[in-house]
Amino acid sequence: MEFACSHVVCNWSPEGSLMGGSDEGGSGLSVYPCSPPGEGGTTDPGVALRLSVTEHMYDNRISVIPQREPGLVPPPLPPRRFASQKYPRRTSLPPPPPPLSSLPPPLPARGAEGQGEQSIRLKANVNVLSLSVGRLVDISRASGIQTTQCPVMHCGRCSAALSSLSSVQNTQETAVWLCEFCGLQNTLSTSGPGAGSKVGSRVRGAPRGRDVIYLPLQTDQDYQNLEDVMVVFCVDISGSMSVTSEVTPGNAMRSATYVSRLQVVVYGDGSGVPVSLRDWALVDYDYLRQRGQQYNTPHCIAESYQHLSLRVKELREHGATALGPAALVSVAMASRFVGSKVILCTDGRANIGLGEMEESPAPFSSTQSPYFYRQLANEAANKGVIVSVMTFEGTDCRLAEVGLLADQTGGRVNIVNIGTVATEIQSALADNILATGVTATLLAADGMYFPYEECNHCLVRDIGNVTEGVEITFQFACKPDSTESFMRRDRLPFQLQLSFTTRDQQKVTRIITEQRRVTTSSWVWAGSLNMSVLGVHCAQLCARLTMKGRVHEAQRQLRAQQVLLKDISEQRCNPKEESIYGNWINTMTTICDDLTTDSQALSDEAAKMVYQMKRASSVCQRRRKQTDTVAL
């Protein structure tokens, strides 16, 4: 876990909540998915939490240390007294102090503000942490991490795991664990004959490290070849795919050539008789899935290369775009092998069968397509299949909806042309699954919450398929009524529980527990913040808000992050990081500014950028991946 700030800033709160107003456009600032229980008397989803200024005794300020002007030096120290110096002894009392003024005394300096520093209002939340999930699930590189086959010992209320931070009181008959997250007293064993030795052995045998990997017990399972994966090319061969594009001549081409888009994609293994699906089959979900699962591909690529080449040359464009049925059959074919890939290529909207998106007077045509693609994406993720989506420049494919297939399975979304499609296919083929069914559970101290996601101190996020380089971020904050109690504590605990299934079908849980010191924003120096974590989080959060139609909230986050990143760059200049993260923010700002209403649909180009922002990773993460590649 990598934090953006070295401390937990307890007094941050949303600007709209402090001012008690609403955002532009009339919608409340719903950083709470629902109002916390007991506050406002409601737990209805989507109800914004509003606070008055008097309910919060701290402000949101952050220290900005001005640079010292050149040539200025501090004054010399006064002379010190030496034992040889003689001073007359006082024989009378000192004069009385002057009368007290009627005005109150000045407020004492808080934090770094009393040292001649300036301060700015902290609109962006710096309570952000980042998880390099791709590294965390790769247990082959976790040689120095503690491993165990003992079961995880969970708290009975918040499901926190026993860790190195846990305080366990052992007696002769029982062992009591006072949960550091929710305060529940957990009895680890009941009294009974011989219970004392059992309790002691359980507690002594339980792993108490900061980072522990829980492995399953060894079982006699059938051997599984991890190299058995399938690549399915799902190609749109409708009439619009007959459009040709001029290819610029290269070293191997003497003159410009006009190439049909069909020449760069392939469907099937080419060794069997093609299966035709038409009419009623295009709207039967179960039938299409069954046919895909039963389609036999007995030969590897080395054996079927000649057949595939012939099939590609025989392809002819015709008919409508049955994108949904074709994608379903492709996922069903690939689902027989964990780690398989589906590469979907189209240049138009689906206009027939399941997932139809063509504008139609039918009342179900536009509302059913998002559900279909979301359902198919969930099914692919559960089977460990990656789906990548490619469309062509100058087309309108409703990429915001079709892109769900890639977004929820760990695939790529891109708009290509005839010159870049081969490179994009190679990039998609390089994304190998490290783990499937990945779920991240993040716990913080009771009294904290996760803005925009969870009003409780426990957040569960389903990640699905994970490839190398995947990085996700979270932001957290303290509830106003818990700020005082947190300020009286020295540190606050955090715990990540990462559950996943490896390629060899091992169900593994990795638990990391840390603690952070507590502070107020007045003590935070802008130059000490992690620009990498904040930049990635801003890109991912604003992309998620935009895809959900919460454009005004995304715009507000972008403005706050722009100010914060500017202050960070002034204190700790890093031109490369500043350029990368600044470009991300500028891109998202342009997209959000082009959307005049929350209900306005994204263009294909905007949807591509938003999906890519959701996959954003830090510069350090990409450097680490490049280093690992060179080392291998």
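Preceding block: the structure.
Residues numbered from 1 in each chain as written. Predicted model: local features only at pLDDT ≥ 70, side-chain atom pairs only at ≥ 80, totals over all residues. Heavy atoms only, no water.

1. Considering the overall build of the protein
In terms of helices and strands, the protein carries 16 helices and 23 strands. By residue count, 49% of the 632 residues in the protein fall in the buried class. Pairs at least 24 residues apart make up 76% of the contacts formed inside the protein by residues separated by at least 6 positions. Working note: accessible area of the protein is about 32700 Å², and carbon and sulfur atoms make up 52% of it. (Helix = DSSP H or I, 4+ residues; strand = E, 2+ residues; numbered from the N terminus. Buried < 20%, exposed > 50% of the residue type's maximum accessible area, 1.4 Å probe, protein only. Contact = heavy atoms within 4.5 Å. Areas by Shrake-Rupley, 256 points an atom, 1.4 Å probe, with all protein chains shown as cover.)

2. A word on helix 10 (residues 421-429)
Of the positions making up helix 10, those classed as buried are Val 421, Glu 424, Ile 425 and Ala 428. Taken down its axis, helix 10 places every buried residue within 100 degrees of arc, on the same side. Tucked into the core, helix 10 has its buried residues touching strand 11 (231-235), strand 14 (341-346), strand 15 (386-392) and strand 16 (413-416). (Arc of directions from axis to C-beta.)

3. Re the pattern of salt bridges
In total, this model carries 15 salt bridges according to the counting rule given. Between Glu 605 and Lys 608 there is a salt bridge, and its shortest N-O distance comes to 3.0 Å. Of this pair, Glu 605 and Lys 608 both sit in helix 15 (residues 604-614), 3 residues apart, which is roughly one turn of that helix. The network of salt bridges with shared partners includes Arg 210, Glu 514 and Arg 516. (Salt bridge = Lys/Arg side-chain N within 4 Å of Asp/Glu carboxyl O.)

4. Points about helix 13 (residues 551-571)
Think of an α-helix as 3.6 residues a turn; residues three or four steps apart then line up on the same face. With 21 residues, helix 13 extends 31 Å between its outermost C-alpha atoms, agreeing within 8% with the 30 Å of an ideal straight helix rising 1.5 Å per residue. Buried residues dominate helix 13, accounting for 16 of its 21 residues. (Expected span 1.5 Å × (residues − 1).)

5. Notes on the side chain of Glu 379
Checked against the element boundaries, Glu 379 lands in helix 7 (residues 365-382). Here Glu 379 falls in the buried class, since its relative accessible area comes to 15%. Contacts of Glu 379, omitting those with residues within four sequence positions, involve Tyr 285 and Arg 289.

6. Quick look at the packing of aromatic side chains
Inspection of every chain in the model, using the stated rule, returns 6 aromatic pairs. Each ring, one from Phe 372 and one from Tyr 373, has its centre 5.0 Å from the other, and the planes form 75 degrees; the classification is edge-to-face. The buried category is assigned to Tyr 373, whose relative accessible area is 0%. With a centroid separation of 4.9 Å and an interplanar angle of 55 degrees, the aromatic rings of Phe 476 and Phe 494 are classed as tilted. Of this pair, Phe 476 sits in the loop between strand 20 (472-475) and strand 21 (477-478) while Phe 494 sits in strand 22 (residues 491-502), and the two are 18 residues apart along the sequence. (Phe/Tyr/Trp six-rings, centres within 6.5 Å; stacked < 30°, edge-to-face > 60°.)

7. Points about the sheet that holds strand 15
With parallel pairing, the 4 strands of this open sheet are ordered in space as 11-14-15-16. Each end of this open sheet is capped by a strand with a single partner; those strands are strand 11 and strand 16. Ignoring strand direction, the axes of neighbouring strands in this sheet form an average angle of 20 degrees. Note that strand 15 and strand 16 share 4 bridges and pair parallel. Opposite Phe 392, over in strand 16, you have Val 416 as the bridge partner. Helix 10 contacts strand 11, strand 14, strand 15 and strand 16 of the sheet and is inclined by roughly 155 degrees relative to strand 14. (Pairing = 2+ DSSP bridges. Axes fitted to C-alpha atoms, helices over the stretch in contact; angles between N-to-C directions.)

Scope: geometric values only; no functional claims are made or implied.
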